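The primary structure of each chain is shown beneath.
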Amino acid sequence: MTQSHTFTSDQLQDEFGDRIAARLSAGARALPHDVSERLKMARSQALARRRTADRVANVRARTASAVFGNGGSSASLGGGSGPGLWTRWASVVPLLALAAGLVAIQFVQDDNRVSELADVDAALLTDDLPPAAYTDPGFVQFLKDGGPQTH
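Residues numbered from 1 in each chain as written. Predicted model: local features only at pLDDT ≥ 70, side-chain atom pairs only at ≥ 80, totals over all residues. Heavy atoms only, no water.

### Notes on the confidence of the model for the protein
Next up, step 1: Looking at the protein as a whole, the pLDDT averages 80, with 81% of positions reaching at least 70.
Next up, step 2: At the level of individual helices and strands, the protein shows its lowest average pLDDT in helix α3 (residues 73–76), which scores 46, and its highest in helix α4 (residues 85–126), which scores 92.
Next up, step 3: This model gives residues 72–77 a pLDDT under 50, and the stretch forms three contacts once residues within four places in sequence are excluded. (pLDDT = per-residue confidence, 0-100. Helix = DSSP H or I, 4+ residues; strand = E, 2+ residues; numbered from the N terminus. Contact = heavy atoms within 4.5 Å.)

### What to know about the pattern of salt bridges
Next up, step 1: The tally for this structure, following the rule as stated, stands at two salt bridges.
Next up, step 2: Here Glu37 makes a salt bridge to Lys40, at a shortest N to O gap of 3.7 Å. Of this pair, Glu37 and Lys40 both sit in helix α2 (residues 33–68), three residues apart, which is roughly one turn of the helix.
Next up, step 3: Taking the relative accessible area as the measure of exposure, Lys40 reaches 48% and is therefore partly exposed. (Salt bridge = Lys/Arg side-chain N within 4 Å of Asp/Glu carboxyl O. Buried < 20%, exposed > 50% of the residue type's maximum accessible area, 1.4 Å probe, protein only.)

Rendered as structure tokens:
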């Protein structure tokens, strides 16, 4: 009988964090004393700042809950179960505008390319030389030598 082990993402993240912490601890033992003391000081300063930030956040949360209450008034402030209709439209409209702009740019570029090719074709067909002359290797050499010499 086989046992199936299922892990949640939180368990996997915790295990990964434990492995990283073990590697860092092993590497910290090899550090010189002055470096480890600076790291310890920086760690304590970071923790002190974190505690201060947590206290400020708790005070703000308590103040907000006292002002707005704990119940149904949050729905009137836009804190419903999900994004409202206007929020959805506000996120879809720019995407539609972007797609329309890209399609318009593609049409304009295709039109410009077709008109350029038509200009080249018209120039070839109205020229004095036949189109086959442009593919003749002797004609290329003739042009390199300076073209027709008129005196």
